[in-house]
Structure formats: C-alpha cells, structure tokens
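Structural overview
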Amino acid sequence: MPHHDAAALVLAAGKGTRMHSDKPKVLHTLLNEPMLGYVFAALEPLFGPAVLTVVGFGADQVRRAYPGREAAFVTQTEQLGTGHALQTALGALRKLGRTHCLVVNGDTPLLETATVERFLAEAKGADVAFATITPEHPGAFGRVIRDADDRVAAIVEAKDLDPAKHGDPREVNAGVYFLRLDAAAPLLDKLTNANKSGEYYITDLVGLAREAGLSVKGVRCGEDVNLMGINSPLELTEAEEHLRRRILRAWQARGVLAHRPELVSVGPRVRLEPGCELRGPCELYGTTSVARGASVGSHCVLTDSSVAENAQVREFCHLEQAQVGPECQVGPYARLRPGAVLEQAARVGNFVEMKKATLRKGAKANHLTYLGDADVGEKANVGAGTITCNYDGKNKFRTEIGAGAFIGSNTALVAPVTVGENALVGAGSVITKDVPAGQMGIARGRQTNLPRRNKAS
C-alpha cells in the first residue's frame, strides 16, 4: 500500500573501503544488477517518486547508472557520516511535503517491500523508530542498548562499545529508520562527531530523542538477514547466493522446471513462464524472458534476450539483446549479439555468430558462420563458413539474402550486396556484386590440375 504521507531516503554516499574497489559500493552487482537497484525496487511500490538518494563518493557514476532520476539525487560533498547525510537531505525532504521519512542504506539488496511494510506498521506512532535484528554474529553492527524496562536507551557503534559500561548486547541496529520529520529535525543540530570515527551518526538520534522525551521504538525483526547491509566481498557473495535461491524458488513454485537448480542464476528482472525449462549451469539476466515450452541448455548466458514458445537454446550459447522466435533452434555454441532476430522455426547452429541480423521464418545457418548487418529471407540456407563482410574500416553495410536462396559453403558476401530470391551462390565464392533472383553466382578461380611431382629418391 502506498504511503502518501512519507518519503524514503536512501543513503548511498559511502565509498565502501572494505570492498577494496574504486567503484561506489552501491554499484557492486548481485545477479548482474547493482545492489542499489534492489533497494529502489523494494521502496518504489510504497513511496512512488518520493524516494531520494544521497550520493557522495563516485556520485557521477551512480547518477549515470540511473538516468532519469536526476531530481531524486542529493549530493553529500563531504562524507561525514550518516547523520550528516540526513542533515544534507533535510531540505530536499521538506520540499516533498511529507510528514515522515524512512531512511535505509543503499547496500541492503535483500530488502523486500513486504519487510518494509511490516516495519512501517510496527513503527507507526513513534517519533523515532528503527529496526533491530539479533544475528548469530553481531560483527561490526551498532548495538542496541535497552534499559531495565526494555525501552531503547541508545544505539552504540561497535567500535565505541565499552563492555564495562554496555555489557555484551546481541541486538543490533539494522540501519532502517522511520522518523517524524518535525520531531527529528531539531535533533539533527545536536549531533556531534565526538566518537572514534569523527563522524556524525544517525544512530545518535535515538539517544537524543530519549533525552527530549520523544517516543522512541526499536522494532524487533528477529534474525531477518534481508535487513543486513553488505560491507565486504564475502558478504556480497553470500547475499548474492541467498538472493539467487530466493528468486529461483519463487519461479519453481510457479511452474518453471530447473534441472540442477543450485547452478541456475536468474536475475530479478527476468520473466519466465510456467512450463519453460532451464538446465544448470546457466545464467539469465536483465530483461530476459523465456516462454512456455522453451528450453535453455546448460552453460548458457542470456542477457536482455527473449526466447519464444517451444524454442530451444542448446548448450554453450551466449545471447545478448537477441530475439529467438517460436520453434527456433539455437546452438550449441552459438553467439547472438545485439540486434540478432530469429523468426519462427529459424535455426542457428554451432559456432554461428549474428549481430544486427535477421533470419526470417524457416531460414537456417547451421555451421561456422558470421552474419552481421544482414537480412536472410524465409527458408534460405546459409552454408558453413559463410561470412558477411559488413565493415570496410569506417562504415557498416548490409547484406540482403532473398527467400529460398542457397549460399554455398566458404562464401564471403562483400556488403553492400543482395542475393535475390531462390538464387544460388557457389561454394568458395567471394561475392561483390548482386546476384539476381533465380540465378547462380560463382566467383572463384578456375581449377587447374597439374602432374604431381615425383618424390625425391
């Protein structure tokens, strides 16, 4: 259910030093998608366009990764902590005209809409609320300190924890907050950086709110790992595996057949129909779709591609921005690059590469062929070793092959060139001129047979 009285703020300004990378942490990928995109997907059903993102380190890279969201980014010029990030975004939040604000970290790709909605329901009525979890290993997460009446007293960062003073609390702050803006805004001016990191922590709002007599609520969320952020390559791979299992189980429950499911990776934007079949190991990413009755063999990688009803993508194929029509066969060992289109019952065989090329209904290129910037007509046959020579070093040119044409093996078609309907090109030809419909084109040297030399005695 949309929350029209609240906005969401995503904190994505940090470098993520423990990732050991020059790339902003929130752009590291799980299942081929930046972790920040998962956070957006979880929040937008609840907050619509009222989702702001604080960026800092690598801000330009983050902006480029999400074109069209320019107005929703707030720049934190100096990264002085989460509290400072909230201070930086306060003006933009007020302009949205919302009374409350959810604050989440941009490194929480396992976050789900349903989890956020449950938290908001529990947080209702509090001036300052935050989610807590009790993991087996609290690690570097801020610890929740409660008083004798089980009320939240403060959140203490792990590096500032004093066992003599705080004991050994196992409950940790999950980094998800829900704030009434009018109550939280005055507290932001009271934040200090008197801690070991010299940063302004949003966690200090909890203690300040208690001192001010405001309503503070720590919402217990059990051991929900979906709320935990990612701080290292190890944690990223563990989160990716958790996400992979979660996504695949959901598709299996809807009728997708996955062989060796532990080796099948399906991205969050992929769409599968009940009755399709996947055989691991295989990877499907981006906006890929696989229709009912279609199958994808092992060792295949499909990105932003579509596979229609009853089509087969056999083993060891790579598809990127390609369209495979109904009843088509692809591979094994085929590569379909951006703009490759196979219409109904077309066939692409082993070691065939296509780019910006179309095989019309029933056409086939079964072996060792490159088709670039080409249109192959219905039921045409492209022989083994055929190459469309589409590039002259500066420009690309098209090759047109008519319906029913037959291209002999080991042929080079030097574009721009047209082979007409039902025309035949002799094997071993280099075709530089159009071949009219119904005619045969041959361009090769005349064979000469000479006596064989005797072997030296």
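First, a word on what this report is: a plain description of the structure on this page. (Residues numbered from 1 in each chain as written. Predicted model: local features only at pLDDT ≥ 70, side-chain atom pairs only at ≥ 80, totals over all residues. Heavy atoms only, no water.)

It is worth spelling out the overall build of the chain at this point. The helix and strand inventory of the chain stands at eight helices and 37 strands. In terms of overall size, the chain is more extended than a compact globule, its C-alpha atoms giving a radius of gyration of 30 Å where 457 residues would be expected to give roughly 23 Å. Expressed along its principal axes, the backbone C-alpha trace of the chain runs to roughly 105 × 60 × 45 Å. The buried share of the chain, reckoned over its 457 residues, is 49%. Restricting to contacts in the chain with at least 6 residues of sequence separation, those with at least 24 account for 41%. (Helix = DSSP H or I, 4+ residues; strand = E, 2+ residues; numbered from the N terminus. Rg over C-alpha atoms; globule rule 2.2 N^0.38 Å. Buried < 20%, exposed > 50% of the residue type's maximum accessible area, 1.4 Å probe, protein only. Contact = heavy atoms within 4.5 Å.)

What follows is about the side chain of threonine 288. With respect to the helices, strands and loops of the structure, threonine 288 is situated in the loop between β16 (282–285) and β17 (289–290). A residue is classified by how much of its surface remains accessible, and threonine 288, at 0% relative accessible area, is buried. If we ignore the near neighbours within four places in the chain, the residues touching threonine 288 are Arg269, Val270, Arg271, Leu302, Thr303, Asp304 and Ser305.

If you walk through the whole model with that rule in mind, you get zero disulfides. Left without a disulfide partner, cysteine 276 is nearest to the cysteine sulfur of cysteine 282, which lies 9.7 Å away. (Disulfide = S-S within 2.5 Å.)

A cis amide bond links glycine 331 to the next residue, proline 332, at an omega of 5 degrees. Here proline 332 is to be found in the loop between β24 (329–330) and β25 (335–336). With an omega of 0 degrees, the peptide bond running from alanine 415 to proline 416 counts as cis. Considering the arrangement of structural elements, one finds proline 416 in the loop between β33 (412–414) and β34 (417–419).

This part covers the layout of surface pockets. Rolled over the atoms, a probe with the dimensions of a water molecule shows which regions are left empty. There is about 1200 Å³ of room inside the largest pocket. What lines the largest pocket is a set of 41 residues, among which Arg18, Lys25, Thr82, Asp107 and Asn231 lie closest to the centre. Every element with two or more residues in the lining of the largest pocket is listed here: β1 (6–12), α3 (82–95) and β10 (172–180). At four residues, β10 tops the list of elements feeding residues into the lining of the largest pocket. Taken together, the residues that form the lining of the largest pocket break down as 14 nonpolar, 19 polar and eight charged. (1 Å grid on protein atoms, 1.4 Å probe; cavity = no way out; pocket = protein on both sides within 12 Å on 5 of 7 lines; lining within 4 Å. Points joined across faces, edges and corners; volume = space filled by probe spheres on them. Nonpolar A, V, L, I, M, F, W, Y, C, P; charged D, E, K, R; others polar.)

Our next topic: the nonpolar core. If you look at the biggest cluster of nonpolar residues, it comprises 103 residues, and the most contacted ones within it are Leu43, Phe47, Leu102, Leu272, Leu336 and Met354. The contacts of methionine 354, once residues within four sequence positions are left out, are Arg335, Leu336, Arg337, Ala340, Val341, Leu342, Val348, Leu359 and Leu371. Listed in part, the 35 residues of the second largest apolar core include Val54, Val74, Ala184 and Leu208. (Core = buried A, V, L, I, M, F, W, Y, C linked by side-chain atoms within 4.5 Å.)

So, on to the packing of helix α1 (residues 35–47) against helix α4 (residues 113–123). Orientation of α1 relative to α4, taken along the N-to-C sense of each, is 50 degrees, at an axis distance of 8 Å. With respect to α4, the element α1 is oriented oblique. For the element pair α1 and α4, the recorded crossing hand is right-handed. On the side of α1, the interface is formed by Ala41, Ala42, Leu43, Pro45, Leu46 and Phe47, while α4 contributes Thr113, Val116, Glu117 and Leu120. (Axes fitted to C-alpha atoms, helices over the stretch in contact; angles between N-to-C directions. Parallel < 35°, antiparallel > 145°, perpendicular 65-115°, else oblique. Left-handed = near helix turned anticlockwise from the far one by under 90°.)

Here strand β8 (residues 143–146) shows no split at all, with Arg143 and Ile145 on one side and Val144 and Arg146 on the other all buried. Two elements, β8 and strand β9 (residues 152–156), share four bridges in a ladder whose sense is antiparallel. In the strand pairing of β9, arginine 143 is matched with valine 156. (Pairing = 2+ DSSP bridges.)

Here we come to the packing of helix α6 (residues 181–188) against helix α7 (residues 204–211). Viewed as axis vectors pointing N to C, α6 and α7 meet at an angle of 105 degrees, and their least axial separation amounts to 10 Å. Compared by their axis directions, α6 and α7 come out roughly perpendicular. Only Leu205, Leu208 and Ala209 of α7 make contact with α6, whose side of the interface consists of Ala184, Leu187 and Leu188. Residues of the contact of α6 with α7, tallied by class, amount to six nonpolar, no polar and no charged.

Let us now look at the side chain of threonine 132. By the element assignment, threonine 132 lies in strand β7 (residues 128–133). For threonine 132, the contacting residues outside a window of four places in its chain are Val144, Arg146, Glu171, Val172, Ala174, Gly218, Val219, Arg220, Cys221 and Gly222.

Turning to the environment of proline 268, a few remarks are in order. Structurally, proline 268 can be placed in the loop between β13 (264–266) and β14 (271–272). Each C-alpha atom, one on proline 268 and one on glycine 441, is 50 Å from the other, the two residues being 173 residues apart in sequence.

It is worth spelling out the packing of aromatic side chains at this point. Applying the stated criterion across every chain yields a total of three aromatic pairs. Measuring from ring centre to ring centre gives 5.1 Å for phenylalanine 40 and tyrosine 66, while their planes differ by 85 degrees; the resulting arrangement is edge-to-face. Residue phenylalanine 40 is found in helix α1, and its partner tyrosine 66 is found in the loop between α2 (59–65) and β5 (73–75); the two are separated by 26 residues along the sequence. A single burial state applies to phenylalanine 40 and to tyrosine 66, both of which are buried. Among the aromatic residues, ring-to-ring pairing joins Phe316, Tyr333 and Phe351 into one connected group. Geometry around tryptophan 251 places arginine 254 over its ring, the cationic atom sitting 4.6 Å from the centre. (Phe/Tyr/Trp six-rings, centres within 6.5 Å; stacked < 30°, edge-to-face > 60°. Lys NZ or Arg CZ within 6 Å of the ring centre and 35° of its normal.)

It is worth spelling out empty space enclosed by the protein at this point. Applying the stated rule across the entire model yields one cavity of 30 Å³ or more. Estimates place the volume of the largest cavity at around 40 Å³. As for the largest cavity, its lining consists of Leu102, Leu111, Thr115, Val116, Phe119, Val176, Cys221 and Leu227. Counting residues per element, the lining of the largest cavity draws most heavily on α4, which supplies three residues. Considered class by class, the residues forming the lining of the largest cavity number seven nonpolar, one polar and no charged.

Together, Phe316, Tyr333, Phe351 and Leu368 make up an exposed nonpolar region whose accessible area comes to about 410 Å². Counting through the fold element by element, phenylalanine 316 comes out in the loop between β21 (312–313) and β22 (318–320). (Patch = residues over 30% accessible without salt bridge, like charges linked within 9 Å, V, L, I, M, F, W, Y side chains within 5 Å. Areas by Shrake-Rupley, 256 points an atom, 1.4 Å probe, with all protein chains shown as cover. Salt bridge = Lys/Arg side-chain N within 4 Å of Asp/Glu carboxyl O.)

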